[in-house]
Amino acid sequence: MLDPKLLRSDLPGVAAALARRGFVLDVAAFAALDERRKAAQIEADRLRAERNANAKAVGQAKAKGLEASTLLAASESLGGQLQGIEKQLEQIQAQLSDLQLGLPNILHSSVPDGSDESSNVEVRRWGIPRQFEFTPKDHVALGERIGMDFESAGRISGARFVVMTGALARLHRALAQFMLNVHVGEHGYREAYVPYLVHGTALVGTGQLPKFEQDLFAVRGDPGFYLIPTAEVPLTNLVRDQILKSEGLPLKLVAHSPCFRSEAGAAGKDTRGMIRQHQFDKVELVHIVRPEESYAALEELTGHAEAVLKALKLPYRVLALCAGDTGPSSAKTYDLEVWLPSQQRYREISSCSNCESFQARRLQARWRNPAAAKPELVHTLNGSGVAVGRALVAILENYQQEDGSVNVPDVLLPYMGGTAVLK
């Protein structure tokens, strides 16, 4: 959520900043609604002051034994008027809140201009894609021979699900364990186990609601729940309504969880295989930091995700997302894309974002700045460290052999119980 004070003091400036994303803010409508709020607030304050003064006069009249019926009638009238204007003010504030919740974050000045992914800027590459002496198979053709079962998953749950068995399932588990060990042991994260069901308020706090409700899986019941689309949601909500001590920052958290997404806007995209599924696993990284440290933290977090791909020896590139391709909650995002031989292109495997105070304002997540007179909002960052399923896809394709077998990356061998080759 954007700072309401900024919206009131520089609405045209906010509109110009959001226009970089292609977002159109109706300045006139927003300003008119805010003027109605101001007028209602002024009238409510006037009526409240008049009612209080009248109540004091009633008390004084009674103390002197004077007739107070006229004053009492005035009190009743003022109370009714105040109740009406407060209801009106509440409705206006609800409308303003809905508008504010629909506004995306203001982009950092370093974010490239552009309307879509074609304007994303490559920052760096690592690794050289392998040159095959045979035509490489895709992960589906490889996986179906070693324990990847889409047919059974389809009977159980439908499209965009998979069942894995045997050594392939173990490789999937090994990847998650390896990533957690790297981030906890080498990068200084605190491991967390989090709920996979959350209330809607948690998703409002991190920005998935109300904008992306169609991409979520809602669970019926009272109270209602949503399946998490990413562990970012429960991890970031750990600091909801908290005032953190300065010495407790930065806070770096990591969690492995399943993620559930309806892929409502992905009809016809990546229908083959494991690239885009309703259920997938991810190791998520979250930073809670002092505001002045957040852009250094973004570089650090991105480097931690890169370290996983380097250890797995998977070629990748880093992109700075342009204005039109940056998610609504983010002020700046880097995407990591891993090389897939079967597609002869890089595909996203991690997205690392600095949300600045956008989520923190929704969550009322603050820290006690020793130099300030009152608590201040923290900055929040998140990133995949990395998506487990897509890492598995990349290993199958980059480590495949001509006979259809797949070598296990050296760093995963300790997790594989002696299995070095998937046949």
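Look above for the structure.
Notes on the structure in this doc start here. (Residues numbered from 1 in each chain as written. Predicted model: local features only at pLDDT ≥ 70, side-chain atom pairs only at ≥ 80, totals over all residues. Heavy atoms only, no water.)

**Thoughts on the packing of aromatic side chains**
(1) Moving on: According to the stated counting rule, one finds 5 aromatic pairs in the structure shown.
(2) Moving on: Between Phe178 and Tyr415, the ring centres sit 6.4 Å apart and the planes meet at 80 degrees, which makes this aromatic pair edge-to-face. Separated by 237 residues along the polypeptide, Phe178 in helix H7 (residues 166-185) and Tyr415 in the loop between strand E17 (406-407) and strand E18 (421-422) bring together distant segments of the chain. No difference in accessibility class separates Phe178 from Tyr415, as the two residues are buried.
(3) Moving on: Measuring from ring centre to ring centre gives 5.0 Å for Trp339 and Tyr346, while their planes differ by 70 degrees; the resulting arrangement is edge-to-face.
(4) Moving on: Overall, Tyr346 belongs to the buried group, its relative accessible area being 9%.
(5) Moving on: The aromatic ring of Tyr189 is capped on one face by Lys252, whose charged end is 5.1 Å from the ring centroid. (Phe/Tyr/Trp six-rings, centres within 6.5 Å; stacked < 30°, edge-to-face > 60°. Helix = DSSP H or I, 4+ residues; strand = E, 2+ residues; numbered from the N terminus. Buried < 20%, exposed > 50% of the residue type's maximum accessible area, 1.4 Å probe, protein only. Lys NZ or Arg CZ within 6 Å of the ring centre and 35° of its normal.)

**What about the layout of surface pockets?**
(1) Moving on: What the second largest pocket holds in volume is close to 200 Å³.
(2) Moving on: Considering the residues around the second largest pocket, the lining is formed by Phe161, Val162, Val163, Met164, His172, Met274, Gln277, Gln279, Phe280, Asp281 and Gly389.
(3) Moving on: Going through the elements one at a time, strand E3 (163-164) and strand E10 (279-289) are the ones with two or more residues in the lining of the second largest pocket.
(4) Moving on: Counting residues per element, the lining of the second largest pocket draws most heavily on E10, which supplies 3 residues.
(5) Moving on: Taken together, the residues of the lining of the second largest pocket sort by class into 6 nonpolar, 4 polar and 1 charged. (1 Å grid on protein atoms, 1.4 Å probe; cavity = no way out; pocket = protein on both sides within 12 Å on 5 of 7 lines; lining within 4 Å. Points joined across faces, edges and corners; volume = space filled by probe spheres on them. Nonpolar A, V, L, I, M, F, W, Y, C, P; charged D, E, K, R; others polar.)

**Here we look at helix H12 (residues 388-398)**
(1) Moving on: Within H12, 11 of the 11 residues are buried, which leaves it mostly tucked inside the rest of the structure.
(2) Moving on: All buried positions along H12 are accounted for by Val388, Gly389, Arg390, Ala391, Leu392, Val393, Ala394, Ile395, Leu396, Glu397 and Asn398.

**Considerations on the side chain of Lys332**
(1) Moving on: One can find Lys332 in strand E12 (residues 332-340).
(2) Moving on: The buried charged residue Lys332 lacks any salt bridge partner; its closest oppositely charged side chain belongs to Glu299, at an N-O distance of 4.7 Å.
(3) Moving on: A polar atom in the side chain of Lys332 sits 2.9 Å from the side chain of Ser110.
(4) Moving on: Beyond its immediate chain neighbours, meaning those up to four positions away, Lys332 contacts His108, Ser110, Val111, Tyr295, Leu298, Cys352, Ser353 and Asn354. (Lys, Arg positive; Asp, Glu negative; His and termini not counted. Salt bridge = Lys/Arg side-chain N within 4 Å of Asp/Glu carboxyl O. Polar contact = N/O pair within 3.5 Å; in protein donor to acceptor, adjacent residues only side chain to side chain. Contact = heavy atoms within 4.5 Å.)

**Points about the sheet that holds strand E5 (residues 197-198)**
(1) Moving on: Taken together, 3 strands build an open sheet; the order of strands is E5-E7-E6 and the sheet is antiparallel. Where the open sheet ends on each side, the last strands, each with one partner, are E5 and strand E6 (218-219).
(2) Moving on: By the bridge criterion, 2 bridges tie E5 to strand E7 (residues 225-227) in an arrangement that is antiparallel. The residue bridging Val198 from the neighbouring strand is Tyr226, located in E7. (Pairing = 2+ DSSP bridges.)

**Section: the nonpolar core**
(1) Moving on: Residues Leu175 and Met179 are the most contacted members of the largest nonpolar core, which totals 55 residues.
(2) Moving on: Counting residues per element, this core draws most heavily on H7, at 9 residues.
(3) Moving on: Once residues within four sequence positions are removed from consideration, Leu175 is found in contact with Leu312, Val388, Ala391, Leu392, Ile395 and Leu412.
(4) Moving on: With 20 residues, the next largest nonpolar core counts Leu7, Val14, Ala40 and Leu47 among its residues. (Core = buried A, V, L, I, M, F, W, Y, C linked by side-chain atoms within 4.5 Å.)

**Observations regarding the pairing of strand E16 (residues 379-387)**
(1) Moving on: Burial runs high along E16: 9 of the 9 residues are buried.
(2) Moving on: As paired elements, E10 and E16 share 7 bridges and run antiparallel to each other. Directly across from Val286, in E16, lies its bridge partner Asn382.
(3) Moving on: Bridge analysis of strand E13 (residues 345-354) against E16 gives 3 bridges, and the strand direction is antiparallel. Residue pairing across strands places Asn354 opposite Leu381, the latter belonging to E16.

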